[in-house]
Amino acid sequence: MDFLPLWPIEPNTLAVFGILLLAGALGGFLAHRWPWLPSITGFMLVGLIIGPSGLNLLTAEVLSDARVVVDIALGLILYRLGLSLDLGIIARAPYLLVTAVLESAATFLAVYLTLVYFGFAALPAALIAAISISSSPAVLLHVAHEVNASGPVTDSAQSLVALNNVIAFLAFSALLPSFHSAADAPWQMIVFQPLYRLAGSVLLATAAGHLLHYLARKTEKASQYHLALVAGAIMFTLGAAETLNLSTLFAPLVLGIVVKNLEHQDLVSDLDFGEALELFFIVLFVFAGANMHLRELWHYGWLVLALVAARSVAKWMGAFVGGLAFRRPIRQSASTGLLLIPMAGLAIGLVQTSERLFPATAAPVTALVLAAVAVFEFMGPPLVGWALRVVGEAEKEGSSRTARASTPDEDPVASEETTRPPS
């Protein structure tokens, strides 16, 4: 009976993709019944129920085999986030760069000192602190889209999240030689491996960005093909990065930055992905919910809460002080800090990278970061939605799920002149 499937039957990648979408649609529908509850939270709750910590309908092995689907989703989201980082705006608005450096440094120090105080070894504590610099683009983009948010705070926050993720990756890369040295790796590995991953990812993304820009110009009058060009460039970048042992996280982010700063007039940088992007948001968050490690969350307990508190305060204070230093309105400065608190995709990706590179020492890093991500993912979406409403950039009726995209390419300095928070 060779024609029968092997037993027990395990879903393949396509089946898992379908299950994640079906479960996510159900979770979103349930969240829709409570106007104060962001749909992301509904996605993650359903994922938690069907994942290994719940009913185990999707086992850890099945989720691991379907990781490529999430890599694609995260690549699309990071590319879109990269489009919000206009280097011309950064040059004209030093507030963004100074604030990003300030709150990133504060986050690193706060998390590192907290972990060392609780007895964590210095090197793993530094790695967790570097990962903690990252912020979640998916939470910000999805919630802003969901509540129809637009304005200087939304735009500035998107640029700051992009800068956070760049700084986090650079800090993570800077720590790799120390880990290689501690593992008695040869000097060639210590010196060249981090440089190869960083420089190679930048070169790959730059080449793909120039190719995409060239093709977009050549097909300017046939804009119906631009979505295919963008999707193809992202998929090519992800596939090439995987093949060349580069970063599948940093490369799509740099690709978006390159495309945005090559275009003197919008060709593909303002492309609307429409409902297609929503599908990948759903997959990403249901997958994140299914991968929550409740055992680690319970095991580390107070240490996780201490990390979450230290990081949240540092992010908020850094953005708040940076805003006040540049005489931005108090409400805008306070709200911007809250928008940087969620942490998810890049943190998970950097943890998986550390597992591949240092399997013998990465276990406590993985457990603690994933437990913290579980907390941030549940508290993040309501916090972001509340902050956008407080600053007056979301719809008055937050229950509306009819979303229009925010405008990440708007100059936050220019828009601040015409948009003020309500008194």
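Residues numbered from 1 in each chain as written. Predicted model: local features only at pLDDT ≥ 70, side-chain atom pairs only at ≥ 80, totals over all residues. Heavy atoms only, no water.

1. Remarks on the overall build of the chain
On a plain count of helices and strands, the chain comes out with 19 helices and zero strands. Considering only C-alpha atoms, the chain reaches an extent of 65 × 55 × 50 Å along its principal axes. When each of the 423 residues of the chain is scored for burial, the buried share is 55%. Sequence separation of 24 or more characterises 83% of the internal contacts of the chain that already satisfy a separation of 6 or more. In the form shown here, the chain has an accessible surface area of approximately 18500 Å², with 67% of it arising from carbon and sulfur atoms. Here the chain holds 21 positive side-chain charges and 29 negative ones, and the gap between their average locations is 7 Å. (Helix = DSSP H or I, 4+ residues; strand = E, 2+ residues; numbered from the N terminus. Buried < 20%, exposed > 50% of the residue type's maximum accessible area, 1.4 Å probe, protein only. Contact = heavy atoms within 4.5 Å. Areas by Shrake-Rupley, 256 points an atom, 1.4 Å probe, with all protein chains shown as cover. Lys, Arg positive; Asp, Glu negative; His and termini not counted. Charge placed at Lys NZ, Arg CZ, Asp CG, Glu CD.)

2. So, helix H16 (residues 330-339)
Residues three or four positions apart in an α-helix share a direction because the helix packs 3.6 residues into each turn. With eight of ten residues buried, H16 is to be regarded as a mostly interior element. Considered for burial, the residues of H16 that qualify are Gln332, Ser333, Ala334, Ser335, Thr336, Gly337, Leu338 and Leu339.

3. What about unusual backbone geometry?
Positive phi outside glycine occurs at Asn56, with the angle close to 60°. Note on placement: Asn56 falls in the loop between helix H2 (39-50) and helix H3 (60-65). The exposure class assigned to Asn56 is partly exposed, which follows from its relative accessible area of 38%.

4. A word on a nonpolar patch on the surface
On the surface, a nonpolar cluster with roughly 410 Å² of combined accessible area is contributed by Leu26, Phe29, Leu30 and Trp34. Taking the relative accessible area as the measure of exposure, Leu30 reaches 38% and is therefore partly exposed. (Patch = residues over 30% accessible without salt bridge, like charges linked within 9 Å, V, L, I, M, F, W, Y side chains within 5 Å. Salt bridge = Lys/Arg side-chain N within 4 Å of Asp/Glu carboxyl O.)

5. Quick word on the confidence of the model for the chain
When pLDDT is averaged across the chain, the result is 83; 91% of the residues are at 70 or more. Within the chain, helix H19 (residues 412-416) has the poorest average pLDDT of any element, 41, and helix H6 (residues 94-117) the best, 94. For the stretch residues 397-423, pLDDT sits under 50, and the model shows 64 contacts to residues farther than four places along the chain or on other chains. (pLDDT = per-residue confidence, 0-100.)

6. Here's the deal with the pattern of salt bridges
In the structure shown here, the tally under the stated rule is two salt bridges. Its salt-bridge partner being Asp71, residue Arg67 comes within 3.3 Å of it at the nearest N-O pair. Of this pair, Arg67 and Asp71 both sit in helix H4 (residues 67-82), separated by four residues, roughly a single helical turn. The exposure class assigned to Arg67 is buried, which follows from its relative accessible area of 14%. Put simply, Glu103 and Lys315 hold a salt bridge, and the shortest N to O gap is 3.0 Å. On the criterion of sequence distance, the pair formed by Glu103 in helix H6 and Lys315 in helix H15 (residues 302-325) is long-range, its members being 212 residues apart.

7. Section: the packing of H4 against helix H13 (residues 275-290)
Packing of H4 against H13 leaves a shortest axis separation of 9 Å and a crossing angle of 125°. Taken together, the axis directions place H4 and H13 in an arrangement best described as oblique. Between H4 and H13 lies a crossing of left-handed hand. Side by side, H4 and H13 meet where Arg67, Val69, Val70, Ile72, Ala73, Leu74, Leu76, Ile77 and Arg80 of the first sit next to Leu277, Phe280, Phe281, Val283, Leu284 and Phe287 of the second. (Axes fitted to C-alpha atoms, helices over the stretch in contact; angles between N-to-C directions. Parallel < 35°, antiparallel > 145°, perpendicular 65-115°, else oblique. Left-handed = near helix turned anticlockwise from the far one by under 90°.)

8. Observations regarding the packing of aromatic side chains
Tallied over the entire structure, the rule returns nine aromatic pairs. When the centroid spacing of 6.2 Å and the interplanar angle of 50° are considered together, the rings of Phe17 and Phe280 count as tilted. Here Phe17 is found in helix H1 (residues 13-32), whereas its partner Phe280 is found in helix H13, with 263 residues between them in sequence. Over the face of the ring belonging to Phe376 we find Arg311, whose NZ or CZ atom lies 4.6 Å from the ring centre. (Phe/Tyr/Trp six-rings, centres within 6.5 Å; stacked < 30°, edge-to-face > 60°. Lys NZ or Arg CZ within 6 Å of the ring centre and 35° of its normal.)

9. Comments concerning the environment of Thr59
In this structure, Thr59 sits in the loop between H2 and H3. For the pair Thr59 and Ala290, spaced 231 residues apart in sequence, the C-alpha to C-alpha distance is 8.9 Å.

10. Some points on the side chain of Thr353
Examined against the element boundaries, Thr353 turns out to sit in helix H17 (residues 345-357). On the accessibility criterion, Thr353 (5% relative accessible area) is buried.

11. What to know about the environment of Gly301
One can find Gly301 in the loop between helix H14 (294-300) and H15. Residue classification places Gly301 among the partly exposed positions, given a relative accessible area of 24%. Along the sequence, Gly301 and Thr353 sit 52 residues apart, while their C-alpha atoms lie 25 Å from each other.

12. A look at the nonpolar core
Counting 127 residues, the largest nonpolar core has Tyr79, Leu115, Ile128, Ile131 and Leu388 as the members making the most contacts within it. In contact with Leu388, not counting residues within four places along its chain, are Val143, Ala144, Val147, Ala149, Thr154, Leu339, Glu393 and Ala394. Residues Leu204, Ala241, Leu246 and Ala251 belong to the second largest nonpolar core, which totals five residues. (Core = buried A, V, L, I, M, F, W, Y, C linked by side-chain atoms within 4.5 Å.)

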